[in-house]
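# Fold and geometry: a report
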There are 4 protein chains.
Amino acid sequence: MQFASDNSSGAHPAVIDAIVRANEGFTPSYGADPAMDRVRERIRDVFEAPDAAVYLVATGTAANAVSLSAVCSPWSAVYCHRHSHIMEDECGAPEFYTGGAKLVPIYGEAAKMDPACLSETLRAAVHVGVHNVQRGAVSITNVTEMGAVYGADEVAGLCAIAREWNLPCHMDGARLANALAATDSSPAEMTWKAGIDVLSLGGTKNGLIGAEAVVIFDPGKSWEFELRRKRGGHLLSKHRYLSAQMLAYLEDGLWLRLARTANAAGARLARGIAAIEGASLVGPADANMVFAVLPRSAHRRALDAGAVYYPWPGAWREDGPDDQPLCARMVCSWCTSDAEVDRLLDAFGN
Amino acid sequence: MQFASDNSSGAHPAVIDAIVRANEGFTPSYGADPAMDRVRERIRDVFEAPDAAVYLVATGTAANAVSLSAVCSPWSAVYCHRHSHIMEDECGAPEFYTGGAKLVPIYGEAAKMDPACLSETLRAAVHVGVHNVQRGAVSITNVTEMGAVYGADEVAGLCAIAREWNLPCHMDGARLANALAATDSSPAEMTWKAGIDVLSLGGTKNGLIGAEAVVIFDPGKSWEFELRRKRGGHLLSKHRYLSAQMLAYLEDGLWLRLARTANAAGARLARGIAAIEGASLVGPADANMVFAVLPRSAHRRALDAGAVYYPWPGAWREDGPDDQPLCARMVCSWCTSDAEVDRLLDAFGN
Amino acid sequence: MQFASDNSSGAHPAVIDAIVRANEGFTPSYGADPAMDRVRERIRDVFEAPDAAVYLVATGTAANAVSLSAVCSPWSAVYCHRHSHIMEDECGAPEFYTGGAKLVPIYGEAAKMDPACLSETLRAAVHVGVHNVQRGAVSITNVTEMGAVYGADEVAGLCAIAREWNLPCHMDGARLANALAATDSSPAEMTWKAGIDVLSLGGTKNGLIGAEAVVIFDPGKSWEFELRRKRGGHLLSKHRYLSAQMLAYLEDGLWLRLARTANAAGARLARGIAAIEGASLVGPADANMVFAVLPRSAHRRALDAGAVYYPWPGAWREDGPDDQPLCARMVCSWCTSDAEVDRLLDAFGN
Amino acid sequence: MQFASDNSSGAHPAVIDAIVRANEGFTPSYGADPAMDRVRERIRDVFEAPDAAVYLVATGTAANAVSLSAVCSPWSAVYCHRHSHIMEDECGAPEFYTGGAKLVPIYGEAAKMDPACLSETLRAAVHVGVHNVQRGAVSITNVTEMGAVYGADEVAGLCAIAREWNLPCHMDGARLANALAATDSSPAEMTWKAGIDVLSLGGTKNGLIGAEAVVIFDPGKSWEFELRRKRGGHLLSKHRYLSAQMLAYLEDGLWLRLARTANAAGARLARGIAAIEGASLVGPADANMVFAVLPRSAHRRALDAGAVYYPWPGAWREDGPDDQPLCARMVCSWCTSDAEVDRLLDAFGN
């Protein structure tokens with residue numbers, strides 16, 4: 001009963017197979033492998049973006065931070081949700097890569113930026129010459145850190161606000177596949193057609209061993225991105241193994257199938273919890289992450305039965321009364337089975 | 001009728017005299033001038049801190065940013081008020097000097113940090129290993145950007161909260177003289193006795209041409225500070241002119257006398273505005289800054305009469321109805337006379 | 001006939017097998033995988049360093065730059081060979097991670113630092129207070145970028161010079177296995193017993209798909225390293241696949257066996273070239289890299305026959321006379337066969 | 001007998017007078033003072049550059065580092081002399097401000113870059129995609145740190161080499177007035193007409209208390225410069241006192257008159273030393289700095305007689321034989337009299 005994180009799951013067998021197959025002979029290193037040409041083509045096809053620049057890195061933090069540094073300045077303000085990954089979970093990587101940009105918190109339910117809050121924050125940004133940081137970029141996380149999914153129209157709405165100030169828009173798509181699966185929007189509709197300029201396209205959480213793409217829809221920034229990636233130590237020498245993963249991921253829509261499985265498990269889990277007496281969902285559970293409040297006794301039963309997941313926020317604390325409500329995050333993965341979900345629900349509901 | 005900023009005033013004649021007198025012969029450069037030895041002694045005396053390290057720089061932003069960089073790490077969170085100078089008015093200098101630390105906004109009235117908000121923010125700082133930035137430092141501005149003054153006990157209260165997490169405390173004392181004049185606390189009581197580890201001691205706004213001291217009460221960080229100052233380009237070669245200013249400033253309590261004059265003008269202005277029909281003070285006006293809402297007609301009369309000050313926040317906008325309330329900031333200086341204050345009040349009240 | 005780089009070779013089958021086997025079930029992420037505990041133990045055993053802190057990253061540039069940033073300050077001078085990887089091939093990653101340290105070139109044959117040059121450079125480092133960067137660290141690359149190997153005594157000699165100035169010593173051991181294989185020194189003798197404080201232990205060039213260890217012999221810097229790794233985006237979420245590679249690498253001395261194979265191929269190639277009329281070795285070819293001058297006609301025959309390798313430095317230029325001598329770098333890999341070497345020699349010698 | 005540095009001299013009386021006169025009433029702060037408009041006009045006139053952007057800062061290190069950061073990238077190589085001020089005397093300020101650019105040493109006599117060395121270094125800069133830092137800028141110091149002066153034609157020659165690689169050219173003109181006085185070139189000929197894009201125009205060493213101008217001949221970078229200056233803490237609030245200094249400096253050619261005085265003293269000193277038995281000049285002594293080897297006995301007599309100057313490089317060491325030759329740097333100032341020079345010569349020659 002593993003619901004701690006989609007990062008604790010393994011890789012899909014097709015991905016492992018691709019790595020095994022890639023292990024043939026000699027190949028040019030540092031991204032010059034022929035497989036990377038195919039990755040580029042494939043991503044351009046999938047995103048209907050024939051001019052996009054495409055790069056691979058091994059971590060989502062690298063994808064986000066290097067991307068942001070390529071579209072911002074050190075004196076930029078980056079507007080993102082108060083509970084976004086770049087704000088809370090990257091130990092200041094965006095600040096490091098940008099040379100000290102300021103992440104400005106935007107508020108809203110379920111870690112979705114409230115358009116009115118974004119709009120007002122941008123408008124109210126005191127802007128008196130050189131004294132304050134300058135409006136720099138907007139970063140949108142889809143799926144959000146709280147399990148909500150922006151529709152393509154919502155993304156477009158936020159991008160339109162950014163565009164009023166000529167700001168580039170970044171999407172942290174560590175779970176973009178899950179967002180697409182949840183909305184049936186096309187990759188293009190969810191990204192550049194909505195106004196996204198640069199995308200961190202996740203793979204690791206959804207069945208890869210460690211590969212993320214950066215898709216720069218306006219390729220004018222691509223050379224700078226390449227230098228920043230190298231300088232950050234994120235240009236892998238035996239790059240073919242990143243390419244192989246990403247090719248397998250996109251082959252025949254594997255990425256979306258895996259995301260649908262995870263989302264379905266998430267939905268099943270959410271429905272089940274909603275039906276438990278004394279339990280309630282926190283946030284919308286639009287994709288593969290479920291946040292819910294349950295009595296301490298229910299958590300205790302689940303943990304005793306071997307379930308693995310984390311309270312949210314923070315850590316399990318010392319004992320308390322059985323009926324004390326505690327919030328937890330449960331994440332379903334590309335390989336979470338219905339049976340696994342049902343076992344957890346049984347443990348909760350016992 | 002100059003109320004735009006204490007930065008738009010000139011220097012006190014005694015300061016100019018000191019510069020003239022300092023212009024004799026040759027002197028070792030880069031801070032090795034004998035006058036700096038006297039500055040050091042004087043500040044140690046005034047602050048009852050015989051071991052303090054003392055440095056001079058030409059700007060308050062340098063004093064703040066270099067100080068913070070010496071007590072923080074690049075992965076630090078610096079807790080400061082949402083409307084502090086380091087947060088809003090230094091174009092990201094603290095982020096630049098620290099190598100990308102994150103300034104975390106604390107809320108509270110009149111730009112004073114609410115202790116409960118600080119305490120809760122520190123407690124709630126999700127702290128799960130390396131994923132988030134680490135609690136780094138607390139920075140307290142006294143006088144605040146909204147004209148409020150912390151009492152020494154209030155400073156001590158905030159420092160005590162910081163101490164629970166072993167965090168160093170910085171004070172942005174760009175207007176410390178005004179805070180001391182407003183409270184009759186001693187320099188020591190307001191700073192290291194309350195728990196402040198490093199102080200930016202302002203002079204420029206209070207009668208100097210451009211000199212600020214940094215006082216490091218725990219001198220273990222002093223060599224790092226010196227390197228960071230040099231590397232930031234803030235070690236002045238003809239340092240004697242900084243020393244001369246600071247000596248004149250501290251001579252016979254000039255700094256406190258000037259601050260008392262400015263505060264008295266601020267109080268007079270605040271009392272006068274409070275008595276104007278349709279006007280109201282915003283915030284406490286504890287020192288030399290007055291924030292007040294007046295009808296547009298009152299502002300128009302004042303501006304037409306030659307008054308200089310700024311709306312807050314933002315800039316004067318196009319015309320509106322006469323009775324529209326607009327907030328403005330009016331700052332009194334060490335050289336603001338009662339007559340000047342009364343002229344402004346007359347213009348408002350006409 | 002692949003002699004372009006050890007980075008263009010694939011991974012050893014045992015490494016691929018280990019990755020396949022690691023792909024079982026769920027595992028704690030971000031370095032908390034049980035396999036990492038075994039990596040730590042294994043490396044501590046291999047290096048006879050029971051207290052060493054051990055970390056894994058995916059690239060050698062990350063290993064070097066994050067390591068250096070943990071032992072240096074932004075105002076440090078890092079002494080390294082003029083032709084070291086950190087100086088020439090990392091696009092400024094050390095400067096980026098350290099926050100602007102200065103890499104000071106040391107000279108010497110075959111990219112080995114001449115002890116006299118290091119000693120004199122350190123002694124002559126003008127050191128007049130804050131005006132210059134401060135002596136910070138010494139970084140030694142073994143195998144060097146020009147194919148030479150330092151003996152453990154030579155490393156100890158350089159470290160002793162560093163120690164005179166209390167400087168920490170870093171070793172870029174991207175090809176440490178090859179250096180060990182070439183010298184029959186133990187890992188401990190070549191590193192901490194010689195005075196090395198922090199080691200980048202390469203794996204990628206020697207049969208892994210992408211994994212490097214950082215070994216910090218003085219673990220006082222380990223928490224800072226962890227934060228810097230995370231902040232650099234180099235903490236892999238599905239870390240188990242790094243652990244699996246490193247375990248396989250160290251299992252039964254695989255790493256040294258692979259290095260011996262590569263070195264033997266290098267020696268065979270060097271001997272063969274030395275015997276070719278008109279050809280001559282450049283540098284010692286102590287390990288798996290051979291630098292040699294051959295007439296353009298010999299290069300042309302080899303390239304026509306399908307050989308892949310690069311001129312050094314620079315790129316193949318337009319045609320010239322047949323007898324024009326051109327220097328090239330040829331790198332043997334863990335999977336370079338004698339037959340492959342002989343084919344290249346045949347092509348040269350034809 | 002003060003020959004330690006032009007930084008240890010005071011300010012010219014006209015400069016002090018200007019500061020006294022500037023101390024009238026209220027003035028807009030942060031560079032919006034009307035006097036700054038006149039500075040801008042004056043510098044544009046003097047440099048025949050009607051579109052140049054002009055800024056003031058308080059230190060030469062700030063002028064250099066902020067300038068370089070505005071024309072370079074973090075991944076840039078900056079080519080400068082091995083013994084330039086930015087390389088050796090700013091504690092890494094250029095690396096700090098640029099975000100980690102690499103300063104590449106160019107060699108040549110008397111701290112003048114040898115054009116062949118610059119040309120060859122640029123040509124040989126291995127440039128294989130993203131692996132190395134990218135050619136970024138050339139920085140020329142005039143007067144050099146060893147007292148030599150580049151003619152305008154020599155500057156043009158170096159800039160022409162830079163231009164072959166499309167590199168911007170920076171001039172560290174901390175002593176530009178002395179260089180102009182030595183060559184009778186016009187300010188325009190020595191700078192933009194020769195190919196300089198951005199100039200640090202020194203004033204502090206030549207009679208000011210602390211003011212340097214940055215002149216950006218291509219104003220496209222000016223907004224970035226302004227943000228970087230603010231962010232570096234180098235935008236002075238009471239900016240009028242910088243403006244006043246610079247206006248006085250340029251009034252009626254005061255800056256060139258002062259430089260001529262210093263240069264004449266330098267020439268007198270150089271001639272005198274050359275005539276001393278057992279003494280010899282080191283380098284050309286083109287301007288106000290004289291480097292010379294004298295026997296220890298001569299130094300001892302001078303020091304005993306009260307002369308102040310420094311050995312070069314390094315510091316005075318313990319005693320040695322009377323006839324031991326020691327090199328020293330002696331700097332003449334805008335206020336060094338012939339009598340003072342003669343006293344020093346007398347002491348040497350006794």
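Up top is the structure.
Described below are features of the structure shown in this document. Here the structure is a predicted model, which is why all the values come from computation and not from measurement. (Residues numbered from 1 in each chain as written. Chains lettered and ligands numbered in written order. Predicted model: local features only at pLDDT ≥ 70, side-chain atom pairs only at ≥ 80, totals over all residues. Heavy atoms only, no water.)

## Considering the overall build of chain A
From N to C terminus, chain A includes 14 helices and 11 strands. Its C-alpha atoms give chain A principal-axis dimensions of about 60 × 60 × 35 Å. Classification of the 350 residues of chain A by burial places 67% in the buried group. Residue pairs at least 24 apart in sequence account for 76% of intrachain contacts in chain A once pairs closer than 6 positions are excluded. Approximately 11,500 Å² of chain A is accessible, and the part contributed by carbon and sulfur atoms is 50%. Treating the 31 positive side-chain charges of chain A as one cloud and the 41 negative ones as another, the clouds have centres 5 Å apart. (Helix = DSSP H or I, 4+ residues; strand = E, 2+ residues; numbered from the N terminus. Buried < 20%, exposed > 50% of the residue type's maximum accessible area, 1.4 Å probe, protein only. Contact = heavy atoms within 4.5 Å. Areas by Shrake-Rupley, 256 points an atom, 1.4 Å probe, with all protein chains shown as cover. Lys, Arg positive; Asp, Glu negative; His and termini not counted. Charge placed at Lys NZ, Arg CZ, Asp CG, Glu CD.)

## Observations concerning the side chain of Arg135 of chain A
All names here are of chain A. Mapped onto the fold, Arg135 is located in strand 4 (residues 134-141). Put simply, Arg135 is tucked away with no salt bridge, and the nearest opposite charge, on Glu164, sits 9.4 Å away. A polar side-chain atom of Arg135 sits 2.9 Å from the main-chain carbonyl oxygen of Leu122. A polar atom in the side chain of Arg135 sits 3.2 Å from the backbone oxygen of Ala125. (Salt bridge = Lys/Arg side-chain N within 4 Å of Asp/Glu carboxyl O. Polar contact = N/O pair within 3.5 Å; in protein donor to acceptor, adjacent residues only side chain to side chain.)

## Some words on the interface of chain B and chain D
With 47 residues of chain B in contact, the opposing surface of chain D contributes 46 residues. Both sides of the chain B and chain D interface together cover about 3,900 Å² of buried area, and 60% of this is carbon and sulfur. Among the residues of chain B in contact with chain D, Phe26, Arg231 and Lys238 of chain B are the three that bury the most area, contributing 21% of the side total. Linking chain B with chain D are zero salt bridges. Viewed at the interface, chain D and chain B are joined by 34 residue pairs in polar contact (both at pLDDT 80 or more). Elements that contribute at least two residues to the side of chain B that touches chain D include exactly helix 1 (13-22), helix 3 (60-71), helix 5 (93-98), helix 10 (222-231) and helix 11 (240-250) of chain B. (Buried area = accessible area lost by both parts, 1.4 Å probe.)

## Considerations on the relation of the copies chain D and chain C
After a rotation of 180° and a shift along the axis of 0.0 Å, chain D superposes on chain C with an RMSD of 0.0 Å. Look at the turn and shift together and you get a two-fold axis relating the two. When each C-alpha of chain D is compared by its distance to the rotation axis, Gly100 of chain D comes out closest, at 2.2 Å. Comparing contact sets, 95% of the residues at the interface of chain D also lie at the interface in chain C, consistent with an isologous, same-surface contact. (Least-squares fit on C-alpha atoms with pLDDT ≥ 70 in both.)

## Some words on the relation of the copies chain B and chain D
Under the fitted operation, chain B is carried onto chain D by 0.0 Å of movement along the axis and a turn of 180°, and the coordinates agree to an RMSD of 0.0 Å. Both copies share a contact surface, since 98% of the interface residues of chain B are interface residues in chain D too.

## Some thoughts on the nonpolar core
Ile43 and Met246 of chain B together with Ile43, Tyr79, Ile140 and Met246 of chain D are the most contacted members of the largest nonpolar core, which has 150 residues in total. Non-local contacts of Met246 of chain D, meaning those with residues more than four positions away in its chain, are made with Val39, Ile43, Leu56, Leu208, Ala211, Glu212 and Ala213 of chain D. Listed in part, the 141 residues of the second largest apolar core include Ala11 and Val54 of chain A together with Cys169 and Leu250 of chain C. (Core = buried A, V, L, I, M, F, W, Y, C linked by side-chain atoms within 4.5 Å.)

## Topic: the packing of aromatic side chains
All names here are of chain A. This structure, assessed with the given rule, holds 34 aromatic pairs over all chains. Their ring planes at 80° and their centres at 5.3 Å tell us that Phe291 and Trp312 sit as a pair that is edge-to-face. Of the two residues, Phe291 is situated in strand 9 (residues 289-295) and Trp312 in the loop between strand 10 (310-311) and strand 11 (325-331); the sequence distance between them amounts to 21 residues. Following the ring pairs from residue to residue traces out a cluster consisting of Phe47, Phe217, Tyr249 and Trp255. Between the NZ or CZ atom of Arg135 and the centre of the ring of Trp165, over which it lies, the distance is 4.0 Å. (Phe/Tyr/Trp six-rings, centres within 6.5 Å; stacked < 30°, edge-to-face > 60°. Lys NZ or Arg CZ within 6 Å of the ring centre and 35° of its normal.)

## Description of a nonpolar patch on the surface
A cluster of nonpolar side chains, contributed by Leu303, Tyr310 and Trp316 of chain A, occupies part of the molecular surface with about 270 Å² of accessible area. Judged by its relative accessible area of 47%, Tyr310 of chain A is partly exposed. (Patch = residues over 30% accessible without salt bridge, like charges linked within 9 Å, V, L, I, M, F, W, Y side chains within 5 Å.)

## Observations concerning the pairing of strand 11 (residues 325-331) of chain D
Residue and element names in this part refer to chain D. With six of seven residues buried, strand 11 is to be regarded as a mostly interior element. Pairing of strand 9 (residues 289-295) with strand 11 involves seven bridges; the strand directions are antiparallel. Within strand 11, the position partnered with Leu294 by the bridge is Leu326. In this sheet, strand 11 lies alongside strand 10 (residues 310-311) in antiparallel orientation, the contact comprising two bridges. By the bridge assignment, Tyr310 is partnered in strand 11 with Arg329. (Pairing = 2+ DSSP bridges.)

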